[in-house]
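# Residue-level structure breakdown
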Amino acid sequence: NIQSTFGKKIPIDTLNVDLGTPDSTTEESRQKIEVGKYVSDRIFIKLGHEFGTGEEVATEKLMINYKLNNRWSLQGTETDKGESDLELLWRLSY
């Protein structure tokens, strides 16, 4: 956990660095970096950058997750390409 390592020196709660795969032709295998911050106990904001490969252009993403209760949350995503979505997510822990 980055917060326990660096404390309040870095004002983020999550850091994800994905080096992708050698071919990196699909969105899931592209190189990316993401940082996230809990702004309250119910709201999590994440900013991400997916690096371009060959003909693919780089993409900036903003994701906001709003926790409705322990099982349900709303998640909205927007990219710099004008793509957006809103999802209702259900979670089951066992």
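Structure: see above.
Residues numbered from 1 in each chain as written. Predicted model: local features only at pLDDT ≥ 70, side-chain atom pairs only at ≥ 80, totals over all residues. Heavy atoms only, no water.

### Quick notes on the side chain of Thr 59
- Relative to the elements of secondary structure, Thr 59 occurs in strand 4 (residues 59-67).
- At a separation of 3.2 Å, a polar atom in the side chain of Thr 59 contacts the side chain of Lys 81.
- Excluding its chain neighbours within four sequence positions, the residues that come into contact with Thr 59 are Arg 30, Gly 48, His 49, Glu 50, Thr 79, Asp 80 and Lys 81. (Helix = DSSP H or I, 4+ residues; strand = E, 2+ residues; numbered from the N terminus. Polar contact = N/O pair within 3.5 Å; in protein donor to acceptor, adjacent residues only side chain to side chain. Contact = heavy atoms within 4.5 Å.)

### Quick notes on the pairing of strand 4
- Bridging between strand 3 (residues 43-50) and strand 4 involves eight bridges; their strand directions are antiparallel. Residue pairing for strand 4: His 49 is matched across the bridge by Glu 60.
- Between strand 4 and the antiparallel strand that follows it, strand 5 (residues 72-79), lie four residues. (Pairing = 2+ DSSP bridges.)

### A look at the pairing of strand 6 (residues 84-90)
- Relative to strand 6, strand 5 runs antiparallel, the two sharing seven bridges. When the sheet's bridge partners are listed, Gln 75 is paired in strand 6 with Glu 87.
- Two successive antiparallel strands, strand 5 and strand 6, enclose a turn made up of four residues, where Gly 82 displays a positive phi of approximately 90°.

### Quick look at the layout of surface pockets
- Looking at the largest pocket, its volume works out to about 280 Å³.
- The wall of the largest pocket is formed by 15 residues, among which Asn 65, Lys 67, Asn 69, Ser 73 and Arg 91 lie closest to the centre.
- Taken together, the elements giving at least two residues each to the lining of the largest pocket come down to strand 3, strand 4, strand 5 and strand 6.
- Here the lining of the largest pocket is built from residues that sort into six nonpolar, four polar and five charged. (1 Å grid on protein atoms, 1.4 Å probe; cavity = no way out; pocket = protein on both sides within 12 Å on 5 of 7 lines; lining within 4 Å. Points joined across faces, edges and corners; volume = space filled by probe spheres on them. Nonpolar A, V, L, I, M, F, W, Y, C, P; charged D, E, K, R; others polar.)

### Things to note about the pattern of salt bridges
- Going through the model one piece at a time under the given rule, you end up with two salt bridges.
- In this structure, Lys 46 and Glu 34 form a salt bridge, with 3.8 Å as the shortest nitrogen-oxygen distance. With Lys 46 in strand 3 and Glu 34 in strand 2 (residues 32-38), the pair connects residues that are 12 residues apart, well separated along the chain.
- Its relative accessible area of 24% is what places Lys 46 among the partly exposed residues.
- The exposure class assigned to Glu 34 is buried, which follows from its relative accessible area of 16%.
- In this structure, the salt-bridge partner of Lys 61 is Glu 50, at a minimum N-O distance of 3.4 Å. Placement of the pair is Lys 61 in strand 4 and Glu 50 in strand 3, with a sequence separation of 11 residues.
- According to the relative accessible area criterion, Glu 50 is buried, its value standing at 5%. (Salt bridge = Lys/Arg side-chain N within 4 Å of Asp/Glu carboxyl O. Buried < 20%, exposed > 50% of the residue type's maximum accessible area, 1.4 Å probe, protein only.)

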